[in-house]
Amino acid sequence: MSDLAGMRKGYTVGALDAEALGGDPLVALERWIVEAAEAGALEPNAFALASVSEAGAPSLRFVLCKGVDGSGISFYTNLESRKGRELDGQGVAAATFWWDVLERQVRLEGSVARVPDAEADAYFASRPRGSRVGAWASPQSRVIEGREELERRAVEAEARFADGGEVPRPPFWGGYRITPVRMEFWQGRESRLHDRIAFEREADGAPWRTVRLAP
Ligand SMILES: Cc1cc2nc3c(=O)[nH]c(=O)nc-3n(C[C@H](O)[C@H](O)[C@H](O)COP(=O)(O)O)c2cc1C
């Protein structure tokens, strides 16, 4: 029998203070992703993305972070998916990264907007050809008749681009950038006395304030 209540782990890998993070939490986030990759994390750039419906119901799924810059973090998806509709509709998002190998978490919250077409085109063009063709095949988040429908759509997309020419970015596929106004860095410590350093700013470009939170 499983003993979920008895499952617990002590955290001993590291410690954290505001000085070590530096003044820009987006720079620190990128560093933590790189450190997780170097430490052998399976998907170091994966994060749980929360969106919210018009009725205020939250929903959550993992996506892959494809860029961190001075104003935020970007990822790519089907714009007509559930997340696409909720992000376009409400303009807000939250994200949480977790790297078990480093016993670290980062969470952030802020506004979200589509990345410019030129940026989405450039990222789409950098993807392997199979992924570019595959983007045409899946009506993400829609109900389909069965696995056969997906495979039929994949064959149709293959046939469409069989000449080996350019595969354009589908009009329903693109990227979003979350511009955080709040970010929090968490490092597991012994006896559940974890370190939590939070950053807040009024808006993109405004100075960040730092505080320490109780675990
Ligand atoms: C590790 C991991 C990474 C993923 N990365 C992406 C991604 O970058 N973009 C994406 O659209 N879906 C990604 N997915 C699939 C999503 O979790 C989700 O199933 C899909 O986007 C549909 O979500 P929605 O119906 O809420 O729009 C990923 C799933 C996992 C487990």
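As a reminder, the structure under discussion sits directly above these lines.
Residues numbered from 1 in each chain as written. Predicted model: local features only at pLDDT ≥ 70, side-chain atom pairs only at ≥ 80, totals over all residues. Heavy atoms only, no water.

Asks: If you had to explain the overall build of the protein to someone new, which residues and values would you point to?
Replies: A tally of regular secondary structure across the protein gives six helices and eight strands. Secondary structure of the protein in N-to-C order comes out as α-α-β-β-β-α-β-β-α-α-α-β-β-β. Reported as C-alpha extents along the three principal axes, the dimensions of the protein are approximately 60 × 55 × 40 Å. Long-range contacts, defined here as pairs at least 24 residues apart, represent 64% of the contacts in the protein between residues at least 6 apart. If you sum the accessible surface of the protein, you get close to 12000 Å²; carbon and sulfur atoms cover 52% of it. One way to put it: in the protein the 28 positive side-chain charges average out to a point 2 Å from where the 33 negative ones average out. (Helix = DSSP H or I, 4+ residues; strand = E, 2+ residues; numbered from the N terminus. Contact = heavy atoms within 4.5 Å. Areas by Shrake-Rupley, 256 points an atom, 1.4 Å probe, with all protein chains shown as cover. Lys, Arg positive; Asp, Glu negative; His and termini not counted. Charge placed at Lys NZ, Arg CZ, Asp CG, Glu CD.)

Asks: Break down the packing of aromatic side chains for me, with residues and values.
Replies: Aromatic ring pairs are defined here through the distance separating the ring centres and the angle between the ring planes. The final tally for this structure, using the stated rule, is 16 aromatic pairs. When the ring of F97 is compared with that of W99, the centres are 5.4 Å apart and the planes differ by 20 degrees; the resulting orientation is stacked. For the pair formed by F97 and W99, the shared burial category is buried. Ring geometry for Y123 and W173: centres 6.2 Å apart, planes at 10 degrees, overall stacked. You can see Y123 sitting in helix 4 (residues 117-126) and its partner W173 sitting in strand 6 (residues 173-187), a full 50 residues away along the chain. When its relative accessible area of 7% is taken as the criterion, W173 is described as buried. Following the ring pairs from residue to residue traces out a cluster consisting of W32, F47, F75, F97, W99, Y176, F185, F199 and W208. One Lys or Arg, R160, reaches over the ring of W136 and ends 4.3 Å from the middle of that ring. (Phe/Tyr/Trp six-rings, centres within 6.5 Å; stacked < 30°, edge-to-face > 60°. Buried < 20%, exposed > 50% of the residue type's maximum accessible area, 1.4 Å probe, protein only. Lys NZ or Arg CZ within 6 Å of the ring centre and 35° of its normal.)

Asks: An account of the nonpolar core is requested, with residue identities and associated values reported.
Replies: Grouped together as the largest cluster of nonpolar side chains are 33 residues, with contacts concentrated most on L29, F47, I73, F97, W99, I178 and F185. A total of six residues in this core trace back to one element, the largest contributor, which is helix 2 (residues 25-38). Non-local contacts of W99, meaning those with residues more than four positions away in its chain, are made with L29, W32, I33, A36, A41, P44, R104, Q105 and V106. Counting 13 residues, the second-largest nonpolar core is a separate cluster that includes V115, F124, A135 and F161. (Core = buried A, V, L, I, M, F, W, Y, C linked by side-chain atoms within 4.5 Å.)

Asks: Can you lay out the packing of helix 5 (residues 129-137) against helix 6 (residues 147-160) for me, pointing to particular residues and giving the numbers?
Replies: Remark: helix 5 packs on helix 6, axes separated minimally by 8 Å, with the N-to-C direction vectors making an angle of 125 degrees. The angle between helix 5 and helix 6 falls in the class oblique. In the packing of helix 5 onto helix 6, the handedness of the crossing is right-handed. Residue-level inspection shows V133, W136 and A137 of helix 5 in contact with helix 6, the latter providing L150, R153, A154, A157, E158 and R160. (Axes fitted to C-alpha atoms, helices over the stretch in contact; angles between N-to-C directions. Parallel < 35°, antiparallel > 145°, perpendicular 65-115°, else oblique. Left-handed = near helix turned anticlockwise from the far one by under 90°.)

Asks: How would you explain the pattern of salt bridges if you had to name every residue and give the values?
Replies: In the structure shown here, the tally under the stated rule is 22 salt bridges. Between E80 and R142 there is a salt bridge whose closest N-O contact spans 3.5 Å. Here R142 lies in the loop between helix 5 and helix 6 and E80 lies in the loop between strand 3 (72-78) and helix 3 (82-90), a separation of 62 residues in the sequence. We note a salt bridge from E151 to R147, for which the minimum N-O separation is 3.0 Å. Placement of both E151 and R147 in helix 6 is noted, with a separation of four residues, approximately one turn of the helix. Relative accessible area serves as the criterion here: at 55%, R147 is assigned to the exposed category. Through salt bridges with shared partners, a single ionic network connects R107, E109, R182, E184, R196, E200, E202 and R209. (Salt bridge = Lys/Arg side-chain N within 4 Å of Asp/Glu carboxyl O.)

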